[in-house]
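# Tertiary structure, described
For reference, the chains in residue letters:
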Amino acid sequence: MEILGVLKSYTIIKNMEKLKQLLVTLDIDLFQPKDRQQRNLIQSNLNSWKIVVWSFWLLTLIWLFFYNFGPILDKTSKEYMLPFRAWYPYNTETSPQYELTYLHQFIGITYLTIISINVDTLIAALNMYIGAQLDII
């Protein structure tokens, strides 16, 4: 999962110009609904996409909270347990190395989670947009 998050962010950054051009192209009048009937036709797709995105965000953020704060909530932080196991070239069972390592893992997994959520919801939005265009046709 960690490698996939890095690949997703790299791919988005590498193709940012193409993505910006795509979004500008999709914003022209040709691709917009022309009347109320077309708007009503795509409204169900838009509503479904919103429900999926909000559910995904909510469930992922709940997971992230429990993942990051698991050692604190189950009181294993007193035993110097970190959110995920990793080898470090220093002793993580002493202060302040433990706290700094915990903060490092917290920031890293939060960053990767936010990247994954955003890229996945962007892909879902583009798929919803394609489906809406097919419905209009």
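Rules and cut-offs
- Residues numbered from 1 in each chain as written.
- Predicted model: local features only at pLDDT ≥ 70, side-chain atom pairs only at ≥ 80, totals over all residues.
- Heavy atoms only, no water.
- UniProt positions renumbered as here; feature names shortened; annotations may be inferred.
- Helix = DSSP H or I, 4+ residues; strand = E, 2+ residues; numbered from the N terminus.
- Salt bridge = Lys/Arg side-chain N within 4 Å of Asp/Glu carboxyl O.
- Buried < 20%, exposed > 50% of the residue type's maximum accessible area, 1.4 Å probe, protein only.
- Contact = heavy atoms within 4.5 Å.
- 1 Å grid on protein atoms, 1.4 Å probe; cavity = no way out; pocket = protein on both sides within 12 Å on 5 of 7 lines; lining within 4 Å.
- Points joined across faces, edges and corners; volume = space filled by probe spheres on them.
- Nonpolar A, V, L, I, M, F, W, Y, C, P; charged D, E, K, R; others polar.

The protein chain is annotated in an unreviewed UniProt entry as 7tm 6 domain containing protein of Asbolus verrucosus. Looking at the protein chain in UniProt, the text filed under Subcellular location (unreviewed entry) is "Cell membrane".

This part covers the UniProt feature "transmembrane region" (unreviewed entry) in the protein chain. Taking the UniProt record as the reference, the feature "transmembrane region" (unreviewed entry) is found at residues 51–69. Secondary structure within residues 51–69 divides into 100% helix and 0% strand; the distance between the first and last C-alpha atoms comes to 27 Å.

What the rule picks out here adds up to one salt bridge. Between Lys8 and Asp120 there is a salt bridge, with the nearest N and O atoms lying 2.8 Å from each other. A residue pair is termed long-range when its members are at least 10 positions apart, and Lys8 in helix H1 (residues 2–14) and Asp120 in helix H4 (residues 97–136) qualify at 112 residues. The exposure class of Asp120 is partly exposed, given its relative accessible area of 27%.

As a further point, take the environment of Val119. Within the element layout of this structure, Val119 appears in helix H4. Given the relative accessible area of 11%, Val119 is considered buried. Along the sequence, Val119 and Leu22 sit 97 residues apart, while their C-alpha atoms lie 15 Å from each other. Contacts of Val119, omitting those with residues within four sequence positions, involve Lys8 and Ile12.

Structurally, the position occupied by Ser9 is in helix H1. By relative accessible area, Ser9 is classed as buried at 12%. Discounting residues that sit within four places of it in the chain, Ser9 has contacts with Tyr111 and Ile115.

Over the atoms, a rolled probe matching the size of one water molecule traces out where space is still vacant. Taken as a whole, the largest pocket holds about 210 Å³ of empty space. Residue assignment for the lining of the largest pocket shows that the elements contributing at least two residues are helix H3 (36–73) and H4. Among the elements that make up the lining of the largest pocket, the one with the highest residue count is H4 (five residues). In terms of residue class, the lining of the largest pocket is made up of eight nonpolar, three polar and one charged.

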